[in-house]
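Given next are the chains, with one letter for each unit.
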Amino acid sequence: MTASTCDAIIIGGGLHGLSTAIHLAEAGVRAVVVEKDHPGRHASGVNAGGVRRLGRHLAEVPLSVAAREIWEDIEDFVSDDCGFTACGHIQIAETESELAQQADRVDQLQALGFAHEQLIDKASLREIVPALAHHCLGAIWCADDGAANPYRTTQAYFRTAQALGVRVELGAAVTAIERLGGDWQVSAAGQNFQAPVLVNTAGAWGHQVCRMIGDDAQVEPAALMLMITERVAPFITPVLGAVGRKLSFKQYGNGTVMIGGGQRGRALPERNIAETKLAGMGNSAVTVKALFPQLGPVNVVRCWAGIEAMMPDGVPVIGPSRAVKGAYHAFGFCGHGFQLSPIVGRLLAELITTGQASLPIEAFSIDRFDVLPANGSIG
Ligand SMILES: Cc1cc2nc3c(=O)[nH]c(=O)nc-3n(C[C@H](O)[C@H](O)[C@H](O)COP(=O)(O)OP(=O)(O)OC[C@H]3O[C@@H](n4cnc5c(N)ncnc54)[C@H](O)[C@@H]3O)c2cc1C
């Protein structure tokens, strides 16, 4: 069978694959994106839409700050505002020791030259979130963080990639990857694609692609859950999280409240699905009620889970393959890759076209994992 040739093959058409394709196209590199389902089918389309720098792992801060600059003018990047609003993110402290922990964090960031996280006292916290329970003592406040609409964002990335001439193959699961001289040959849905560059942005399936080329990484596919309530009177503007609780929630302009923050369902990546677990949802609802006691009974109208790639050390893999030349990875975003998507694609495109990324990415190297023998195919 003859192969379609191009400059780069990108496996995975979520936000990171599409962002990479857009940045490569802008640099004159012709990419094909090979996607087993459709853009937005998995984590990229079903996440909470948090555009958050607050609380990032220190290694991620420079990337997250640079990503936020792109979010400011996201329309310049993908011709759509993606529903982005700078509503602020706040992380509350409920005990003195949590507050002390937050003060250390802010000092640490300031010593590194970052001023986006601010420690605020009880009075300021009450000004920003008047409805919050009185026992809360203070918070870290990130006024310019925000939120966007994930499905709309993914579709905007998809349209932009196509408008720039990127071919996106849908319903095409990659089942084999071979070396042909200096090129890669990728087989998917009865077609072959050939290119000198291979990019693995396969999300929770990223480790499977790794193993096909001789790399390895310990990905744990996890089913992160979200739920939406019926409409209630406005009571909060920023996205709210807490130091001591698995919680992240936000009220939309229409009054509905989205509640999430790390409760997990059951991930079944081999069947392409994630199942919710009602007990976890119940815990999240109880937490919201503890922080906003005046909220009356509220019906949950919808809940879902999406499959996300978790890594043992909580940070993604971004960078070149350890095993082979001409292959690059960006997967394992551990529940916070939506915000990073515009910058990670840019960094990968820089690596591919110049051999260097303009921001520090050493902490995300795949070299931190042990190598297992390559198996050349999936399934
Ligand atoms: C419920 C939930 C809430 C979240 N909330 C936030 C948030 O508020 N803020 C934030 O920053 N992040 C959040 N995240 C994380 C964020 O959604 C992800 O980190 C990000 O979308 C990952 O993008 P991706 O492109 O790496 O992966 P994905 O979107 O999963 O895309 C990977 C794609 O690769 C394809 N693929 C896999 N294997 C193959 C193969 N063999 N052949 C072809 N295609 C393949 C898949 O079909 C998939 O479409 C959340 C995630 C979830 C699940």
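Residues numbered from 1 in each chain as written. Predicted model: local features only at pLDDT ≥ 70, side-chain atom pairs only at ≥ 80, totals over all residues. Heavy atoms only, no water.

*Asks:* Mind showing me how you'd approach the site of the ligand here?
*Replies:* With respect to spatial proximity, 36 residues lie near the ligand, and among them Glu35, Ser44, Gly50, Val174 and Glu308 are the closest. Notes on the ligand: free accessible area 1,000 Å², of which the protein chains cover 96%. If you list the elements that add at least two residues to the shell around the ligand, you get helix 1 (15–26), helix 2 (43–46), strand 14 (220–229), strand 20 (300–310) and helix 10 (337–354). When grouped by side-chain class, the residues that make up the shell around the ligand number 16 nonpolar, 16 polar and four charged. (Near = heavy atom within 4 Å. Areas by Shrake-Rupley, 256 points an atom, 1.4 Å probe, with all protein chains shown as cover. Helix = DSSP H or I, 4+ residues; strand = E, 2+ residues; numbered from the N terminus. Nonpolar A, V, L, I, M, F, W, Y, C, P; charged D, E, K, R; others polar.)

*Asks:* Can you help me understand the sheet that holds strand 7 (residues 138–142) in this one?
*Replies:* Sheet strands pair via backbone hydrogen bonds, and the direction of the pair is either parallel or antiparallel. Spatially, 6-7-5-15-16-17-14-20 is the arrangement adopted by the eight strands of the open sheet, whose pairing is mixed. Both edges of this open sheet fall to strand 6 (118–121) and strand 20, since each of them pairs with a single strand only. Sheet twist, expressed as the average angle between the axes of neighbouring strands with direction ignored, equals 25 degrees. (Pairing = 2+ DSSP bridges. Axes fitted to C-alpha atoms, helices over the stretch in contact; angles between N-to-C directions.)

*Asks:* Can you help me understand the environment of Met227 in this one?
*Replies:* Within the fold, Met227 resides in strand 14. Discounting chain neighbours no more than four positions away, the residues touching Met227 are Val257, Met258, Ile259, Met281, Ser284, Ala285, Val300, Arg302 and Cys303. (Contact = heavy atoms within 4.5 Å.)

*Asks:* When you look at the pattern of salt bridges in this model, what are you seeing that I'm missing?
*Replies:* As a working rule, side chains carrying opposite charge can pair if their charged atoms are close by. In this structure the tally under the stated criterion is 14 salt bridges. The partner of Glu117 in a salt bridge is Arg105, and the shortest N-O contact between them spans 2.9 Å. Residue Glu117 is found in the loop between helix 5 (96–111) and strand 6, and its partner Arg105 is found in helix 5; the two are separated by twelve residues along the sequence. With a relative accessible area of 1%, Glu117 lands in the buried category. In this structure, Arg264 and Glu220 form a salt bridge, with 3.1 Å as the shortest nitrogen-oxygen distance. Linking Arg264 in the loop between strand 17 (257–260) and strand 18 (266–268) with Glu220 in strand 14, this pair joins segments that are 44 residues apart in sequence. With relative accessibility at 42%, the residue Glu220 sits in the partly exposed group. When salt bridges with common partners are traced through the structure, they connect Asp80, Asp81, Arg152 and Arg159 into a single cluster. (Salt bridge = Lys/Arg side-chain N within 4 Å of Asp/Glu carboxyl O. Buried < 20%, exposed > 50% of the residue type's maximum accessible area, 1.4 Å probe, protein only.)

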